Amino acid sequence: FGSRAQGELALKKAPLAFCCVVVAMSQGRRSSPLLPALVAVGCICLLRSWLPLSFLTVAPSAHGRSGRTAMRGFKEDFEAWRSSLTPEEQKMVQTQAAGEFNKKFRKSDEFKKDLPEEKVKSFSKILGKFFDAEAADYKKEVAAKVPNYNRLLEKAGDK
């Protein structure tokens, strides 16, 4: 062969050529209907062994990892904030969340109660930190996806 790449290509095509020859030979005489099926299964196994594993699997994305890290940080902060609530505040938040879509409950005084100001501020800091991390991840993702539209012109100019 002329180059190593051509040799590798020929090796990759060898099982396919072998399968075609065997199938063509088996179609010449119809003595056993099981033989073409066995040959087909063998060809599929050979082809599967020649295909790269990455062809069959999905690589993990970088965004998923950073998103999970931001979420893990949020979860820890949220758990710490929630543990700082008194049992009465926890009960109030739980009842308000359960009655969120109940029109009668929304008109009641119990729904209109608020948490103390310092607890609301600490929760807003936790949410702000989470949204800042998500915004930074989004900006990184968008910057990574923007193609260089002038690359073809630059490459043509280099020659």
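Everything numeric here is computed off the predicted structure, so don't read it as measured data.

## Brief notes about the overall build of the chain
Line of reasoning, step 1. Counting its secondary structure elements, the chain contains 8 helices and 0 strands.
Line of reasoning, step 2. Starting at the N terminus and ending at the C terminus, the chain contains elements arranged as α-α-α-α-α-α-α-α.
Line of reasoning, step 3. Burial statistics for the chain: of 159 residues in total, 14% are counted as buried.
Line of reasoning, step 4. When contacts within the chain are restricted to residue pairs at least 6 apart in sequence, long-range pairs at least 24 apart make up 57% of them.
Line of reasoning, step 5. When the accessible surface of the chain is totalled, it reaches about 13,400 Å², and 63% of it is carbon and sulfur.

## Brief notes about the pattern of salt bridges
Line of reasoning, step 1. All told, the structure shown has 5 salt bridges when counted by the stated rule.
Line of reasoning, step 2. Salt-bridge contacts for Lys 119 lead to Glu 89; the nearest nitrogen and oxygen are separated by 3.0 Å. One end of the pair, Lys 119, is in helix H7 (residues 117–145); the other, Glu 89, is in helix H4 (residues 87–98), with 30 residues separating them in the sequence. You'll find Lys 119 and Glu 89 in the same group, each marked buried.
Line of reasoning, step 3. Residues Arg 106 and Glu 100 are paired through a salt bridge, measuring 2.8 Å at the closest nitrogen-oxygen approach.

## Section: a nonpolar patch on the surface
Line of reasoning, step 1. There is a patch of nonpolar side chains on the surface, built from Tyr 138, Val 142 and Val 146 and spanning about 300 Å² of accessible area.
Line of reasoning, step 2. Relative to the assigned elements, Val 146 resides in the loop between H7 and helix H8 (151–158).

## Examining H7
Line of reasoning, step 1. For H7, built from 29 residues, the straight-helix expectation of 42 Å at 1.5 Å per residue is met to within 8% by its first-to-last C-alpha distance of 42 Å.
Line of reasoning, step 2. Buried residues of H7: Lys 119, Ile 126, Phe 130 and Asp 137, and no others.

## Some thoughts on the nonpolar core
Line of reasoning, step 1. One finds Phe 74, Trp 81, Leu 85, Met 92, Leu 115, Ile 126 and Phe 130 forming the largest nonpolar core, which totals 7 residues.
Line of reasoning, step 2. Every element with two or more residues in this core is listed here: helix H3 (62–83) and H7.
Line of reasoning, step 3. When residues no more than four places from it in sequence are discounted, the contact partners of Leu 85 are Gln 90, Leu 115 and Lys 119.

## Let's talk about the packing of aromatic side chains
Line of reasoning, step 1. Enumeration according to the criterion identifies 7 aromatic pairs in this entry.
Line of reasoning, step 2. When the centroid spacing of 5.0 Å and the interplanar angle of 45° are considered together, the rings of Phe 74 and Phe 130 count as tilted. Here Phe 130 lies in helix H7 and Phe 74 lies in helix H3, a separation of 56 residues in the sequence. Across the pair, Phe 130 and Phe 74 agree in class, each one buried.
Line of reasoning, step 3. Arranged with centres 4.6 Å apart and planes meeting at 40°, the rings of Trp 81 and Phe 123 form a pair that is tilted. Placement of Trp 81 in helix H3 and of Phe 123 in helix H7 is noted, with a sequence separation of 42 residues between them.

## A look at the side chain of Lys 119
Line of reasoning, step 1. Relative accessible area serves as the criterion here: at 12%, Lys 119 is assigned to the buried category.
Line of reasoning, step 2. Polar contacts involving the side chain of Lys 119 include one to the main-chain carbonyl oxygen of Ser 84, which spans 2.7 Å.
Line of reasoning, step 3. Look past the residues within four positions of Lys 119 in its chain and what remains in contact with it is Trp 81, Ser 84, Leu 85, Thr 86 and Glu 89.

## Some points on the confidence of the model for the chain
Line of reasoning, step 1. On average, the chain scores 74 in pLDDT, and the residues at 70 or more come to 60%.
Line of reasoning, step 2. When pLDDT is averaged over each helix and strand of the chain, the minimum, 52, is found for helix H1 (residues 4–28) and the maximum, 93, for H4.

Rules of the game
All residue numbers refer to position in the chain's written sequence, counted from 1. The model is predicted, so local features are restricted to residues of pLDDT at least 70 and side-chain atom pairs to those at 80 or more, both for listing and for counting; the totals for chains, interfaces and linings are taken over all residues. Side-chain numbers come from the whole structure's heavy atoms, not from hydrogens or water. To qualify as a helix, a DSSP run of H or I must reach at least 4 residues; to qualify as a strand, a run of E must reach at least 2; elements of each kind are numbered from the N terminus. Note on classification: 1.4 Å probe, protein chains only; a residue is buried when its accessible area is under 20% of the maximum for its type, exposed when over 50%, partly exposed between these limits. In what follows, a contact means two residues having at least one pair of non-hydrogen atoms within 4.5 Å. Reported accessibility uses the Shrake-Rupley method at a 1.4 Å probe radius. Residues are deemed covered only where the shown protein chains occlude them. In what follows, salt bridge is the name for a side-chain nitrogen of Lys or Arg lying within 4 Å of a carboxyl oxygen of Asp or Glu. Residues with no salt bridge and a relative accessible area higher than 30% make up the patches, which join like charges within 9 Å and nonpolar side chains (Val, Leu, Ile, Met, Phe, Trp, Tyr) within 5 Å. Multiplying 1.5 Å by the residue count of a helix minus one yields the expected span of that helix. Nonpolar cores were defined as sets of buried Ala, Val, Leu, Ile, Met, Phe, Trp, Tyr and Cys residues, with membership established by side-chain atoms within 4.5 Å. A pair of Phe, Tyr and Trp rings is counted when the ring centres sit within 6.5 Å of each other, with Trp represented by its six-membered ring. The angle between the planes then sorts it: under 30 degrees is stacked, over 60 is edge-to-face, the rest tilted. For the purposes of these results, a polar contact is taken to be a pair of N or O atoms within 3.5 Å, where, inside protein, one atom must be able to donate a hydrogen and its partner to accept one; residues adjacent in sequence count only when each atom of the pair is a side-chain atom. Each residue carries a pLDDT value, the predictor's own confidence for that position, ranging from 0 to 100.

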